[in-house]
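# Understanding the architecture of this molecule
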Amino acid sequence: MQLAECEYLCGSFERAEALFDDVLAHAATDFDRAAVYELQLELYELASKFDVAVTIGLRALALFGVTIPEDDDELQAATQREAQAVAINRASRAIAELAHAPAATDPRVKAVLGLLSPVAPAAHAGTTPQK
């Protein structure tokens, strides 16, 4: 995996992709696969392959049961449900209070957060009109 990272940092994207595929084929756990996917997300963002990054990100998130609807209406309904869940979980706490909340410790939650961080900008960049 470190060699794949070095290859993509040196601009050898095709070699890095082949190495990532090899590492994924031998990954023992979803957490191992998630770590590979996180590096792949960096590669595809660096190469401005945002659509591929989003595809990889969705595949990685699915390892942990996170799915994002493709249908616009389903996506809007899911977004509304999640916004309501956030409001309920936040309860009456001020946003500033959340800075002092305990950090996530569940490895699955941490893996999802690690994957969402690079997927969101790729999704946004992939939908931003080119000038």
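Residues numbered from 1 in each chain as written. Predicted model: local features only at pLDDT ≥ 70, side-chain atom pairs only at ≥ 80, totals over all residues. Heavy atoms only, no water.

## Details of the packing of aromatic side chains
Per the counting criterion, the structure on display carries 1 aromatic pair. Between F31 and F64, the aromatic rings sit 5.5 Å apart at their centres with planes inclined by 45°, giving tilted as the arrangement. Highlighted residues: F31 in helix α3 (residues 30–46) and F64 in the loop between α4 (50–62) and α5 (72–90), separated in sequence by 33 residues. Overall, the relative accessible area of 9% leaves F64 in the buried class. (Phe/Tyr/Trp six-rings, centres within 6.5 Å; stacked < 30°, edge-to-face > 60°. Helix = DSSP H or I, 4+ residues; strand = E, 2+ residues; numbered from the N terminus. Buried < 20%, exposed > 50% of the residue type's maximum accessible area, 1.4 Å probe, protein only.)

## A closer look at the pattern of salt bridges
What the rule picks out here adds up to 1 salt bridge. For R33, the salt bridge is made with D30, and the minimal N-O distance between the two is 3.0 Å. Linking R33 with D30, this pair stays in helix α3, spanning 3 residues, or about one helical turn. The exposure class of D30 is partly exposed, given its relative accessible area of 24%. (Salt bridge = Lys/Arg side-chain N within 4 Å of Asp/Glu carboxyl O.)

## A look at the nonpolar core
Y8, F20, Y37, L41, L43, F64 and L115 are the most contacted members of the largest nonpolar core, which has 23 residues in total. Broken down by secondary-structure element, the contributors of at least two residues to this core are α1 (2–9), α2 (13–26), α3, α4 and α7 (107–127). Sorting elements by how many residues they give to this core places α3 first, with 7 residues. Those residues in contact with L115 that lie beyond four places of it in its chain are A34, Y37, E38, L41, A60, L61 and F64. (Core = buried A, V, L, I, M, F, W, Y, C linked by side-chain atoms within 4.5 Å. Contact = heavy atoms within 4.5 Å.)

Interpretation note: all reported values are geometric properties and have no functional meaning in isolation.
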